[in-house]
Amino acid sequence: MRFIVSTSTLLKQLQAVGGALSSSTVLPILENFLFRIQDGNLTISATDLQTSMTTSLPVETQENGRIAIPSRILLDTLKSLPEQPVTFSVDDKTFGVEIKAGDGSYKLSGENGEDFPKIPVVENASSVNLPASVLAEAINKTIFAVSNDELRPAMTGVYCQLSPQHFTFVATDAHKLVRYRRKDAHSEKATSFIMPKKALNLLKSSLPSEDVNVSVEYNNTSAFFKFGNINLVCRLIDERYPDYDAVIPLNNPNKLTIDRLSFLGSLSRVAIYANKTTHQVRLKIEGNELNISSEDIDFSNEAHEKLTCAYEGEDLEIGFNARFLIEMLRNLSCEEVSLEMSTPNRAGLLLPQGGDENEDVLMLVMPVMLNSYA
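Residues numbered from 1 in each chain as written. Predicted model: local features only at pLDDT ≥ 70, side-chain atom pairs only at ≥ 80, totals over all residues. Heavy atoms only, no water.

Caption draft 1: Layout of a negative patch on the surface. Together, Glu286, Glu289, Glu314 and Asp315 make up a negatively charged patch on the protein surface. As for its placement among the helices and strands, Glu289 is situated in strand β21 (residues 289-296). Residue classification places Glu289 among the partly exposed positions, given a relative accessible area of 31%. (Patch = residues over 30% accessible without salt bridge, like charges linked within 9 Å, V, L, I, M, F, W, Y side chains within 5 Å. Areas by Shrake-Rupley, 256 points an atom, 1.4 Å probe, with all protein chains shown as cover. Salt bridge = Lys/Arg side-chain N within 4 Å of Asp/Glu carboxyl O. Lys, Arg positive; Asp, Glu negative; His and termini not counted. Charge placed at Lys NZ, Arg CZ, Asp CG, Glu CD. Helix = DSSP H or I, 4+ residues; strand = E, 2+ residues; numbered from the N terminus. Buried < 20%, exposed > 50% of the residue type's maximum accessible area, 1.4 Å probe, protein only.)

As structure tokens, then:
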């Protein structure tokens, strides 16, 4: 089997699907790309058995066939080559691969393409179309709140609820929660599933900047995304998601409204002086003044900053993990945010003010107990 392709074109396609590769030592073939040529078209696949990606591109060839090529050595070779045509020659008996580029010749050992795991196909699927920008925004706004706790597998993914009224994406790690809702996206029937974090990160990095439509197909076990020449299929997390609505407090009489970037800047500076274990900052609100402070008694470090804010409610003193608040504020794009609270031991809600009317974002953060009312 022999084919000719441009170095930059091939490298771009390999990098698009390379995130799905596995470093599994149990199945070494998963460290390979599968190259399959059919009628002048090269299809490249990568998988870790849970998530698979494929892409395709036209190449110069007269033959059909398949070969598994080691990913690391191939990527490193192409990255170091200038833009030029490269010729791949594959020995169908020994699975040896020779790459010729300019005056250079490089030989490596491939594996039988027939041994490569079959890329799953989603059968009996329901489908829906989403603009790439909506999907990218939903992933960006939620993925940072996903849990890494393998003992609670449901929370290691993003919960997707599709309904005729709207789409809702939810992520939580029990300390913080994000609910991202789109009113301009809907499906014919109501359904829900949990998307794993790795698949969402791959989607996030490969979604095009231009606003194309992404075809989403799903059944009880898998989800399939298609846009441009990229296909991604992943196994869904088969767990029951916690009842997130139950933890969202409904009655929050104390409402602080403040400039997002000013709040973020102050928190980032004050957090430097906080205890490195708890990252605790104290918010003390009196009238229209917000005092942000932190201390690390072990090292005699402390910091205080004052900000002007709009506030409705009784004077309040409440503690939060600064890292959670900073992360949330960074993942919002509005000018002003409001922090709605009830008591120092109940969750606070961070809500963007203004912005896209089709977008409904709610971020919940659990407080930490302050010494003054421990």
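Caption draft 2: Spatial organisation of the pattern of salt bridges. Counting across every chain of the model gives 12 salt bridges. Across the salt bridge formed by Arg182 and Asp356, the nearest N and O atoms sit 3.7 Å from each other. Here the residue Arg182 occupies a position in strand β14 (residues 176-182), and Asp356 occupies one in the loop between β26 (348-353) and β27 (359-365), the gap between them amounting to 174 residues. Residue class for Arg182 comes out buried when judged on its relative accessible area of 6%. Bridged by salt links that share partners, the residues Arg182, Asp184, Asp356 and Glu359 form one connected network.

Caption draft 3: Quick peek at the nonpolar core. Of all hydrophobic cores here, the largest spans 102 residues; its most connected members are Phe33, Phe35, Phe88, Met195, Phe263 and Leu290. Broken down by element, this core gets its largest block of residues, six residues, from helix α6 (residues 322-330). Residue contacts for Phe88: discarding those within four places in its chain leaves Met1, Arg2, Phe3, Val5, Leu10, Ile69, Leu74, Val97, Glu98 and Ile99. Tyr159, Ile194, Ile248 and Leu349 belong to the second-largest nonpolar core, a separate cluster that totals 14 residues. (Core = buried A, V, L, I, M, F, W, Y, C linked by side-chain atoms within 4.5 Å. Contact = heavy atoms within 4.5 Å.)

Caption draft 4: Main features of the sheet that holds strand β20 (residues 280-286). Reading across the sheet, the five strands line up as β22-β21-β20-β24-β28 and stay open at both edges, with antiparallel pairing between neighbours. Among the strands making up the open sheet, the edge pair consists of β22 (301-308) and β28 (367-368). Summarising the sheet, β21 and β22 pair through eight bridges and their orientation is antiparallel. Of the residues in β22, the one forming a bridge with Asp296 is Asn301. Across the sheet, α6 lies against β20 and β24 (316-321), angled at about 85 degrees from β24, the strand it touches most. (Pairing = 2+ DSSP bridges. Axes fitted to C-alpha atoms, helices over the stretch in contact; angles between N-to-C directions.)

Caption draft 5: Here's a closer look at helix α1 (residues 7-17). Taken together, the buried positions of α1 are occupied by Thr7, Leu10, Leu11, Gln13, Leu14 and Val17. Here the buried residues of α1 occupy an arc of 165 degrees about the axis, which is enough to place them on one side. (Arc of directions from axis to C-beta.)

Caption draft 6: Structural view of the side chain of Ser147. Following the sequence through the fold, Ser147 ends up in the loop between α3 (132-142) and β12 (157-162). Ser147 sits in the buried class, given a relative accessible area of 7%. Every residue in contact with Ser147, bar those within four places of it in the chain, is listed here: Met155, Thr156, Thr172 and Asp173.

Caption draft 7: Geometry of the sheet that holds strand β11 (residues 126-131). Pairing in this open sheet of nine strands is antiparallel, and the strands run β10-β6-β2-β3-β4-β18-β17-β16-β11 from one edge to the other. The open sheet terminates on both sides in strands that have one partner only, identified here as β10 (111-112) and β11. As paired strands, strand β4 (residues 51-58) and strand β18 (residues 230-235) are joined by four bridges and run antiparallel to one another. Within the sheet, the bridge partner assigned to Thr51 lies in β18 and is Cys234.

Caption draft 8: Quick peek at the packing of α1 against helix α2 (residues 71-80). Closest axis-to-axis distance for the α1/α2 pair is 10 Å, and the angle between their directions is 140 degrees. It follows from the interaxial angle that α1 and α2 lie oblique. Here the hand of the crossing between α1 and α2 comes out left-handed. Between α1 and α2, the residues in contact are Thr7, Leu10, Leu11, Leu14 and Gln15 and Leu74, Leu75, Leu78 and Lys79, respectively. Among the residues making up the contact of α1 with α2, the classes are represented as six nonpolar, two polar and one charged. (Parallel < 35°, antiparallel > 145°, perpendicular 65-115°, else oblique. Left-handed = near helix turned anticlockwise from the far one by under 90°. Nonpolar A, V, L, I, M, F, W, Y, C, P; charged D, E, K, R; others polar.)

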